[in-house]
Every structure is written in C-alpha cells, then in structure tokens.
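Here is how the chains run, residue by residue.
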Amino acid sequence: MMLALYNTLSNRVEPFAPLAEGRVRMYTCGPTVYDYAHIGNYRTFVFADILRRHLRRSGYELRHAMNLTDVDDKTIRNAKAAGMSLTDYTDKYIAAFWEDMLILHMERPEIIARATDHIPDMVNTIQQLEERGFTYRREGSVYFRIEKFPGYGKLSKIDLSGMRPGARVDQDEYEKADVRDFVLWKAPKPDEPYWESELGPGRPGWHIECSVMATKYLGETFDIHAGGTDLVFPHHENEIAQSEALTGKPFARYWVHCEHLLVDGQKMSKSLGNYYTLRDLLGRGYSPAAIRYLLASVPHGKQLNFTLEGLQQAANAIERLENFRFRLAHSSFPEGANPEIEAKTAAFPEALRKALDDDLNTAQALGALFELVRDANTAIDKGQLCQGNVEGILRCLEDWNGIFDVLPPAEGISDLKLDATFQLSAEEIERKIQERQDARRGRNFALADQIRDALVEAGVLIEDTRDGVRWRRK
Ligand code: AMP
Ligand code: ZN
C-alpha cells in the first residue's frame, strides 16, 4: 500500500511516486497578505500541513516551498487605503500569518518566498516568454496569449469555445466565464507602487509570481502543487500555461486541491463577509486545538460546513481524548497485558497509515483512533485492561497526534521511550529558531518568547550570542 492522491489534472486518484526516489518537492500557494487570514484559508493550510507530516513520516525527504503574495491587486488596494507603503502594510500581515501558523501548530515549509524579493526573476521569465512569442504588449502592459498554448484549460477543463482571441483581462482574479489573455506585467497606475525594469515600469501579475518562485526553488518539473480549489481557475491554469509554454515540460505532476470551508452552503470569504479569523474565534474562547481538529476532521476532497456547534463538538472530542489519557495514566490496572488490546494497539499504526495513504482520509484516521479508545474504555470498565497495555495505547495516541497535533504534551510522556520521530529534528529546531528571529524582527516579542518556551519544553536550550543563536539539547 502506498500513498494515493486525487489529482485534479487527471481527475483520478493516482498512486503517488516522486520524480526523485525518496525526495518530494512540493509547492503551496501561500497567503495574500492583505488582511488577517480567515479560517477558510487555514483549512487549506492545515490540509497542506497534514500532507507534509504524512509525507515526512512516510520516509520522504521533503522540500516544500510556499510563497507570500505581497504584491497584487488586493495588497495594493488595502495598503493605499491605509495610507501605508506596500512593504510596511504587508509586513504586518505576514507577521500575523506566522503567528496564526504557530498557534495552529503548522510546520513551517522549508522555503518561504516573498514575491517582492523576486521581481527581477519575474521580469526575466516574462522576457523569455516574449522571446518565444507567447506574449504581446498593450499600453505598457504585457499579456499572455493563451491561444498560443494548446494545453490551456487542461487543469480546469474549461470550455474554450466562447473564447475571443485578443480579449484581455487585467485583474488578478476573475471568473471562468472570463477566459481571456491574462496580464503578466502591469503598467503603473497613478499612486500605485511599481518597479523599473527592462519591460518598462510596472509590477507583476499574481500568476507569474507563483510560476517563477516554484520553478526557482523546485525546478521546472516538481511533484506536488497544492492550494484551495478556488485557485484551479484562473490561477493554477495560468501557472501551467506560463511555465509549460517556456519549458515544454510538465510543471507540477500532482495537483491537489482542498475543498472549501463553507458557511450556510457558501464559500467562507472576505468578499461575502461570512468569515471568522482565528483571532475572532480565540476571542470567543475556542481553543486553537479545537479549530485545528475541526479543520482537519473532514478529508480535503470534501466541503466542510463551518458552524460554532461543530467547533464545540471538536472541543468535546479533544476533551474526551484528554480524559481518556488521564484515565490511563492515573488508574491502577492489574499486572500483565490483555492480548486483544495488545493486538489492537499493534495494528493501529498500520490503520492510521492506511487511512492517510487513502488520499489523506483524515475522517478514517479519526475513526480508527476512536475505535481504539472505545475498545480500551470498555476493557477498563470490565476490569480487563492491564498495566502492560498502557504504554502501547499511549503510543498510539502520540502516533496519531504526530499528524493531528491537537493534544498537549502528555504528562510523564518523557518516561516513555518515544521513537526519534517524536523528537524535534535539528532541521525543525533551526526552523523554529528562524521563526523566533522573524518574530523579533517584527517586534513581536510575546511570540518570540512563546517560541523559546516551546523549544525549552521540547528539551532544547537556546542561547543568543554575538555570532547568532546557538542551541543544544538538554
Ligand atoms: P488567499 O490568501 O486568498 O490567496 O488564500 C490562501 C489560500 O486559502 C488559498 O489556497 C485559497 O484557495 C484558500 N481558501 C480561500 N478561501 C477558502 C475557503 N473558504 N476554504 C478553504 N480554502 C480557502
Ligand atoms: Zn499560486
């Protein structure tokens, strides 16, 4: 059995195998940092986080890149309205995003690419597209001529019959009905930021940003491209057109999309106003763990309707698991081991893996855990659970929590000999230290302290020296 993923490109569930044995290269479209992200956005990021964790646990070395869209129509519009420079404005929401990611226990991708740090790369790519005849210029802007790319529409299966060659669209976001030549480089507008370049003054369109950064960090062809399902058209379709027009090679091999978080049957979105930010929900007393649990509980291929009752049920489920763990740790059981429970705990890691291998079926993974909890509780009630079963069950909980990450560290868990997978790797420690540095640079000292405390809790001591940060294990 191996991982199988639903690929939007082929419309099928496909067995997953990376191009290079043992190494996965993955790209996620990151946030547009024009405001606080809402928990619909975080559904997609939690899905990417679970995919990351499952890939790494399956033994792959992972190179995961994510961009920060800090220049597009929305960031420019909001920065202008706030009377701030684009950089000052987006800095604030980038810091807020990292804070939310940390609160929701999301691992930081190996590579973070900020769009405005890559303008020369984008200009260069657009020039190459020009040289190969895929573009044209109008009034200082450069457009991609979709007629020149025969594969256009293969991801979104869009109907091209109504297409009018030469009709153009300037906005970064548009509807399927608007299938038109899209903008690569936008001529400056009054009061808008722009860059001087060989293409003339202007700024990049949103789609070229991702094509350029993904290729720069992952190569011309890479394994997985992830994002929310609203990005399939036009964003991902345009990414494919730009990248494949240039290289003649497949861009991403597996396109995986997370279905929407809905509210009353409609996509949670800023424009509809039907959204909650993470801060809104924490302010109402819900825990980050309950939010993460809820977002993770429905497999990414299915829509998830958000309600506060659903969130309360998630909180209750976590409480049940914590109570169960407490009961295990604090009751005294007869000596020996119950062989039935022993067999169930032995089979659990395989059941968990199987569920996640099945296109990340998180609902099935939850089902497997609660089945084990139910069986163990029944055995306890009948006086049939033995001391020799306790460690095995705790291990299953930890195993599951290594993916879902919603339970606090167990008391006395350090007495258990846990596998190396449960320890922070050197790479993870370095990444957390980097997050702390970023937080300090953003003058978010509360967050920086929180990261240091979390590291200490994980048994890592850090020391700030003149030559940078040093760390060692306790
Ligand atoms: P944005 O910051 O708008 O670029 O969105 C960041 C990510 O959130 C993208 O992958 C979107 O597809 C995703 N997204 C936006 N709204 C939702 C939603 N209601 N449910 C799930 N994912 C969403
Ligand atoms: Zn993107």
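Residues numbered from 1 in each chain as written. Chains lettered and ligands numbered in written order. Predicted model: local features only at pLDDT ≥ 70, side-chain atom pairs only at ≥ 80, totals over all residues. Heavy atoms only, no water.

**Notes on the coordination of the zinc ion (ligand 2)**
At 2.0 to 2.2 Å from the zinc ion (ligand 2) lie its protein donor atoms, namely Cys29 (SG), Cys210 (SG) and His235 (NE2). Read in sequence order, the donor residues coordinating the zinc ion (ligand 2) give the pattern C-x180-C-x24-H. Within this pair, whereas cysteine 29 is found in the loop between β3 (23-28) and α1 (39-57), its partner histidine 235 is found in helix α6 (residues 232-247), the two being separated by 206 residues in sequence. The exposure class assigned to histidine 235 is buried, which follows from its relative accessible area of 0%. (Donors = N, O, S within 2.8 Å, 3.2 Å for Na, K, Ca; no water. Helix = DSSP H or I, 4+ residues; strand = E, 2+ residues; numbered from the N terminus. Buried < 20%, exposed > 50% of the residue type's maximum accessible area, 1.4 Å probe, protein only.)

**Points about the nonpolar core**
In summary, soluble globular proteins display a tendency toward joint burial of nonpolar side chains. In this structure, Leu55, Phe144, Ile224, Phe306, Leu385 and Trp400 are the most contacted members of the largest nonpolar core, which totals 132 residues. Those residues in contact with isoleucine 224 that sit more than four places away from it in its chain are Leu5, Phe16, Val24, Arg25, Met26, Tyr27, Leu51, Leu55, Tyr254 and Val256. By size, the runner-up hydrophobic cluster in this structure holds 10 residues, among which are Ile433, Ala439, Leu447 and Leu455. (Core = buried A, V, L, I, M, F, W, Y, C linked by side-chain atoms within 4.5 Å. Contact = heavy atoms within 4.5 Å.)

**A look at the site of ligand 1**
Around ligand 1 sit 18 residues, and of these Thr32, Thr44, Asp230, Leu261 and Met268 come closest. In this structure, glycine 228 approaches ligand 1 through a main-chain N or O atom, which is 2.9 Å from an oxygen atom. Within the contact set of ligand 1, a nitrogen atom lies 2.8 Å away from a backbone nitrogen or oxygen of leucine 261. For ligand 1, whose free accessible area comes to 500 Å², the fraction covered by protein is 94%. No other element matches the four residues that α1 contributes to the shell around ligand 1. In the shell around ligand 1, the residues fall into five nonpolar, nine polar and four charged. (Near = heavy atom within 4 Å. Polar contact = N/O pair within 3.5 Å; in protein donor to acceptor, adjacent residues only side chain to side chain. Areas by Shrake-Rupley, 256 points an atom, 1.4 Å probe, with all protein chains shown as cover. Nonpolar A, V, L, I, M, F, W, Y, C, P; charged D, E, K, R; others polar.)

**Side note on the environment of serine 58**
Mapped onto the secondary structure, serine 58 falls in the loop between α1 and β4 (61-68). In this structure the side chain of serine 58 is engaged in a polar contact, spanning 2.7 Å, whose partner is the backbone oxygen of histidine 54.

**Points about the packing of helix α8 (residues 288-297) against helix α9 (residues 308-330)**
The relative placement of two packed helices is expressed as an angle between their axes plus a distance between the axes. Put simply, α8 and α9 touch, their axes get as near as 8 Å, and they point 105 degrees apart. In terms of orientation, α8 and α9 fall into the roughly perpendicular class. Together, Ala289, Ala290, Ile291, Tyr293 and Leu294 of α8 and Gly310, Leu311, Ala314, Ala315, Ala317 and Ile318 of α9 make up the contact between the two elements. Considered class by class, the residues forming the contact of α8 with α9 number 10 nonpolar, one polar and no charged. (Axes fitted to C-alpha atoms, helices over the stretch in contact; angles between N-to-C directions. Parallel < 35°, antiparallel > 145°, perpendicular 65-115°, else oblique.)

**Some remarks on the pattern of salt bridges**
Evaluation of the coordinates by the stated rule reveals 37 salt bridges. Lysine 154 is paired through a salt bridge with glutamate 244; the nearest N and O atoms lie 2.7 Å apart. One end of the pair, lysine 154, is in the loop between β7 (141-144) and β8 (168-169); the other, glutamate 244, is in helix α6, and 90 residues separate them in sequence. What makes lysine 154 partly exposed here is its relative accessible area of 34%. Glutamate 244 sits in the buried class, given a relative accessible area of 11%. Overlapping salt bridges, with partners in common, bring together Asp49, Arg52, Arg53, Arg56, Glu107, Glu110, Arg292, Asp405 and Arg431 in one network. (Salt bridge = Lys/Arg side-chain N within 4 Å of Asp/Glu carboxyl O.)

**Let's talk about the packing of aromatic side chains**
Scanning all chains against the criterion turns up 17 aromatic pairs. Here the aromatic rings of phenylalanine 16 and tyrosine 60 are separated by 5.9 Å at their centres, their planes lie at 85 degrees, and the arrangement is edge-to-face. On the criterion of sequence distance, the pair formed by phenylalanine 16 in the loop between β2 (12-15) and β3 and tyrosine 60 in the loop between α1 and β4 is long-range, its members being 44 residues apart. A relative accessible area of 1% means that phenylalanine 16 is categorised as buried. Here phenylalanine 45 and phenylalanine 97 contribute two aromatic rings whose centre-to-centre distance is 5.4 Å and whose plane-to-plane angle is 70 degrees, an arrangement assigned as edge-to-face. Here the residue phenylalanine 45 occupies a position in helix α1, and phenylalanine 97 occupies one in helix α3 (residues 86-103), the gap between them amounting to 52 residues. When sorted by exposure, phenylalanine 45 lands in the same class as phenylalanine 97, which is buried. Joined through ring pairs, the aromatic side chains of Tyr27, Phe222, Phe251 and Trp255 make up one cluster. Seen from the ring of phenylalanine 134, lysine 148 lies directly overhead, with NZ or CZ sitting 5.9 Å from the centre. (Phe/Tyr/Trp six-rings, centres within 6.5 Å; stacked < 30°, edge-to-face > 60°. Lys NZ or Arg CZ within 6 Å of the ring centre and 35° of its normal.)

**Some points on the sheet that holds strand β13 (residues 261-263)**
Here three strands make up an open sheet; going across it, the order is β14-β13-β15 and the pairing mixed. At either margin of the open sheet sits one strand with a lone partner, and together these are β14 (266-267) and β15 (304-305). Note: β13 against β14, two bridges, orientation antiparallel. Bridge pairing in β14 links valine 263 to glutamine 266. (Pairing = 2+ DSSP bridges.)

**Considerations on the packing of helix α5 (residues 206-218) against α6**
The contact between α5 and α6 brings their axes to 9 Å, and the two run at 55 degrees. Relative to α6, α5 is oriented oblique. Taken as a pair, α5 and α6 cross one another with a handedness that is right-handed. Side by side, α5 and α6 meet where Trp206, His207, Ile208, Cys210 and Ser211 of the first sit next to Pro234, His235, Asn238, Glu239, Gln242 and Ser243 of the second. The residue inventory of the contact of α5 with α6, partitioned by class, reads four nonpolar, six polar and one charged. (Left-handed = near helix turned anticlockwise from the far one by under 90°.)

**Observations concerning the side chain of serine 197**
Residue placement: serine 197 occurs in the loop between β9 (181-186) and β10 (203-204). A polar contact is formed between the side chain of serine 197 and the backbone nitrogen of leucine 199, at a distance of 2.9 Å.

**With respect to the side chain of arginine 108**
For arginine 108, the location among the structural elements is in the loop between α3 and β5 (111-114). Not counting the four nearest positions on each side in its chain, arginine 108 is found in contact with Arg52, Trp98, Arg431, Gln434, Glu435 and Asp438.

**As for the domain arrangement of the protein chain**
Segmentation of the protein chain into domains returns domain 1 (17-258) and domain 2 (412-474). Between the C-alpha centres of domain 1 and domain 2 there is a distance of 31 Å. At the interface, nine residues of domain 1 touch 10 residues of domain 2. Here domain 1 and domain 2 share an interface that buries about 940 Å² over both sides, 49% of which is from carbon and sulfur atoms. Measuring nitrogen to oxygen at the nearest pair gives 2.7 Å for the salt bridge that ties arginine 108 to aspartate 438. At the surface where domain 1 touches domain 2, the tally comes to four residue pairs in polar contact (both at pLDDT 80 or more). (Domains from an automatic or database assignment. Buried area = accessible area lost by both parts, 1.4 Å probe.)

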